[in-house]
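# A closer look at the structure
The lines below spell out each chain.
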Amino acid sequence: MQDNATEVTAAGIARLAGVGRAAVSNWRRRHADFPKPVGGTETSPSFALTEVEDWLRRQGKLAEVPLRERVWQQISGHPEGPVTALLHAGCALLLIHDRPTDWLHVSAGSDERLAAMLPGALGPLIAGRFNGVGGGGGASAGVGAGGGVNSPNAVHTPTSPHLLPSTPLSPHLLPSTPLLRGVAELAAELGARQTFEFLLGRHLDANPRQYTLTPAELAALMARLAGPARTVLDPACGTGALLRAAASRPEQELYAQDSAPDLAALAAFRLALHTPPPDAVRAAVGDTLRADAFPELRADAVLCHPPFNERNWGHDELAYDPRWEYGFPARTESELAWVQHALARLADGGTAVLLMPPAAASRRSGRRIRADLLRRGALKAVVALPVGAAPPYNIPLHLWVLRRPDRAPAQPEVLLADMGQFATEGRGGPDWRAVREAVLDAWQDFDRAGTLAERPGLARSVPVIELLDDDVDLAPARHLPPPTEADGAEALVDVRERLGETLRLTADLTPPPAAPARPARWPLTTVGELARGGALVMRTGGNGGHARVPVLTDTDVLAGTAPSGTLPPSDEEAVLTEAGDVVVPVLGGGAVARVIDEATAGAVLGRSLVLLRPDGTALDPWFLAGFLRGTANNRQASSYASTATRLDVRRLQLPRLPLDEQRRYGARFRALDEFERALRHAGRLGDQLVRGMYDGLTDGTVAPG
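The name an unreviewed UniProt entry gives the protein is N-6 DNA methylase, with Streptomyces flavalbus as the organism.

And the structure:
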């Protein structure tokens, strides 16, 4: 076996074999011939993928391994890291995409032959796809082999001399040949473009803290706002999401730059796979503000998600840069430096769309630049997005739409829009369809006429002269009219009627008074005894999650709300909830237990939660949850530290009753749960009505009478 073979963790082995991680631990203990660790740590060892596959195949456990999972394990366990593996995969996929017969020729035969011939086949292809400079007039910033490789801004791919010395056997590619063949097999199933998107997406999901991503829905909206364009630039391209959304027409020129070499290279391959040959992608590495790779470019559109709140953006060394046409940005105004860079790279009449932090619209240090952008007609629109549209998810980010003016407008106006009403609860993101329709409808009407009639609470165009005060505050919410009187009154009437219906429901659900009775003397058992006897399975929430799978937190259980949390992906096996599970928080000292319904099933169990999965033939879940909520029961099962109370779920007690009797109690506990939910809903509606009345009385839309 090669010393630098692909490695795989225990969690990866579990995914390969379609089992839980506990099964892998059992195999290691029970089978003396199980592969020995070759890396990792004592608590999280890694194993050679080839040895693991051989062992699983001999045991008959590898027959149904999904091709996607096998290729992903080769990516994630690559000896040179997953980014290098993705770039190697990108090379093969680009050759398959553009010149499939060349791929068939170089891949025929041994792995050594493939590793030796692939760089030669890729050289002309990469030079043509990445190094060409078209009519846009951009600087020659190449990717891969060819004339551009010696440029200081060149994006180096695996075929570049910097990363792959030219040797007869190309040893740097040799460890990747199983991956390249697996990628080709997957491309035959999915297509080259979809294969790269799948592998890149898995990598980004597995490393959420390393990348600041632009969600696909937001990228599509920004591309639509910019409109059709032959030349498009993204000066902070990341993995190329914005340019991918804009790649929609033949003979389009895409320009990308990023300070991170890995991101620039990944974006280059991603964009090349989304454009037909012989279209060229101009990708470059470098700090755009300090070392612009395309100083002569005049693009039809610029799309940008710049880094926020940078202090070290080049304030001292760029004081006399010609890009500061609208004023020299303060050290704290890096976003306004990106705005002016975008305008400087636009052709006359071109459009730029930038994602901005909301503070950029109102900070006093930027008011002079904002005022000049308004006076000269460069800033056309500011759109406040709903909370949760993009990271950071806890603030409503803004979209700025700018246009390089070919002449100063006589009576300029600016469009201000606020999409906050389309936010949704949890982490699923806003109602993107409603956001897209509202934003594009308002922008297209404004762009045609130069003005827009008021859309109360949503959008309006404001004469620039009204904004040129001491603050030049462009936050849309501060300039939009409140809802009309009819809308406000109708909304409050609707809330009041819903509150009345909910209160009537709670009255119907109010439990009848119980008849006096002596305390029952049932024979008792504990959760621990039931778990040992097989009547239920007990699982504890962990620290790892799945990409795009919501996490049920202890706060969600206590509040009775939908799963709203996230956890970073990890090798730890996540616990997924199922309908009928009972979930109990272990911190805080509250007597709470929640039965999982169909809407919540499938969520990852979060930290500080214990899941009990009863055997339906022996234990009713509502009976279980109801008795676990008894105050005395919780008190006797709790322990106390200096600052916290912790519940030992195993010590919780419940009576030994026949299943029919359990179901009688369970039905009553379920009715109590419905009553509790109705009370919560009534409380939320009451809060909404009170807030609406205060707002209506203070803004004049509701009369005191």
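By secondary structure assignment, the location of Arg270 is in helix H12 (residues 261-273). Judged by relative accessible area, Arg270 falls into the buried class, the value being 8%. Here the side chain of Arg270 touches Glu197 through a polar contact of 2.8 Å, side chain to side chain. Residue contacts for Arg270: discarding those within four places in its chain leaves Phe196, Glu197, Leu200, Thr239, Gly240, Ala241 and Arg244.

Turning to the sheet that holds strand S9 (residues 379-384), a few remarks are in order. Strand order across the open sheet formed by 9 strands is S6-S5-S4-S7-S8-S10-S9-S11-S12, with mixed pairing between neighbours. Of all strands in the sheet, those with a lone pairing partner are strand S6 (281-285) and strand S12 (459-463), marking the two edges. Shown here is a sheet whose adjacent strand axes are inclined to one another by a mean of 15°, direction ignored. Two strands pair when backbone bridges link them, and strand S4 (residues 231-234) and strand S5 (residues 253-258) are joined in this way by 4 bridges, in the parallel orientation. Paired with Thr231 across the two strands is Glu253, which belongs to S5.

Take the nonpolar core next. Core analysis: the biggest nonpolar cluster contains 95 residues, and Trp103, Leu221, Leu225, Leu303, Leu355, Leu399 and Met419 have the highest contact counts within it. Grouped together as the second largest cluster of nonpolar side chains are 43 residues, Ala342, Leu343, Val414 and Leu416 included.

Taken as a whole, this structure holds 12 aromatic pairs when the rule is applied. An angle of 80° between the planes, with centres 5.1 Å apart, marks the rings of Tyr255 and Phe294 as edge-to-face. Placement of the pair is Tyr255 in strand S5 and Phe294 in the loop between S6 and strand S7 (299-304), with a sequence separation of 39 residues. For Tyr255, a relative accessible area of 0% corresponds to the buried category. Judged by its relative accessible area of 0%, Phe294 is buried.

The next point concerns helix H20 (residues 621-628). Of all 8 residues in H20, 8 are buried; the element is thus mostly enclosed. Pro621, Trp622, Phe623, Leu624, Ala625, Gly626, Phe627 and Leu628 are the residues of H20 that are buried. Between the side-chain oxygen of the N-cap and the backbone nitrogen of Trp622 there are 3.1 Å, and the N-cap of H20 in question is Asp620.

On to the pattern of salt bridges, then. Here the structure, examined in full by the defined rule, presents 34 salt bridges. Notably, a salt bridge pairs Glu325 with Arg376, separated by 2.8 Å at the nearest N-O pair. A residue pair is termed long-range when its members are at least 10 positions apart, and Glu325 in the loop between S7 and helix H13 (334-344) and Arg376 in the loop between helix H14 (367-375) and S9 qualify at 51 residues. Judged by its relative accessible area of 34%, Glu325 is partly exposed. Residue classification places Arg376 among the partly exposed residues on the basis of a relative accessible area of 28%. Arg433 is the partner of Glu437 in a salt bridge, and the nearest nitrogen-oxygen pair spans 3.4 Å. Placement of the pair is Glu437 and Arg433 together in helix H15 (residues 432-449), with a separation of 4 residues, close to one helical turn. Look at Glu437 and you get partly exposed, because its relative accessible area is 48%. For Arg433, a relative accessible area of 59% corresponds to the exposed category. A cluster of three or more residues bridged by salt bridges with shared partners is formed by Glu325, Asp348, Asp372, Arg376 and Arg404.

Conventions adopted
- Residues numbered from 1 in each chain as written.
- Predicted model: local features only at pLDDT ≥ 70, side-chain atom pairs only at ≥ 80, totals over all residues.
- Heavy atoms only, no water.
- Helix = DSSP H or I, 4+ residues; strand = E, 2+ residues; numbered from the N terminus.
- Buried < 20%, exposed > 50% of the residue type's maximum accessible area, 1.4 Å probe, protein only.
- Polar contact = N/O pair within 3.5 Å; in protein donor to acceptor, adjacent residues only side chain to side chain.
- Contact = heavy atoms within 4.5 Å.
- Pairing = 2+ DSSP bridges.
- Axes fitted to C-alpha atoms, helices over the stretch in contact; angles between N-to-C directions.
- Core = buried A, V, L, I, M, F, W, Y, C linked by side-chain atoms within 4.5 Å.
- Phe/Tyr/Trp six-rings, centres within 6.5 Å; stacked < 30°, edge-to-face > 60°.
- Salt bridge = Lys/Arg side-chain N within 4 Å of Asp/Glu carboxyl O.

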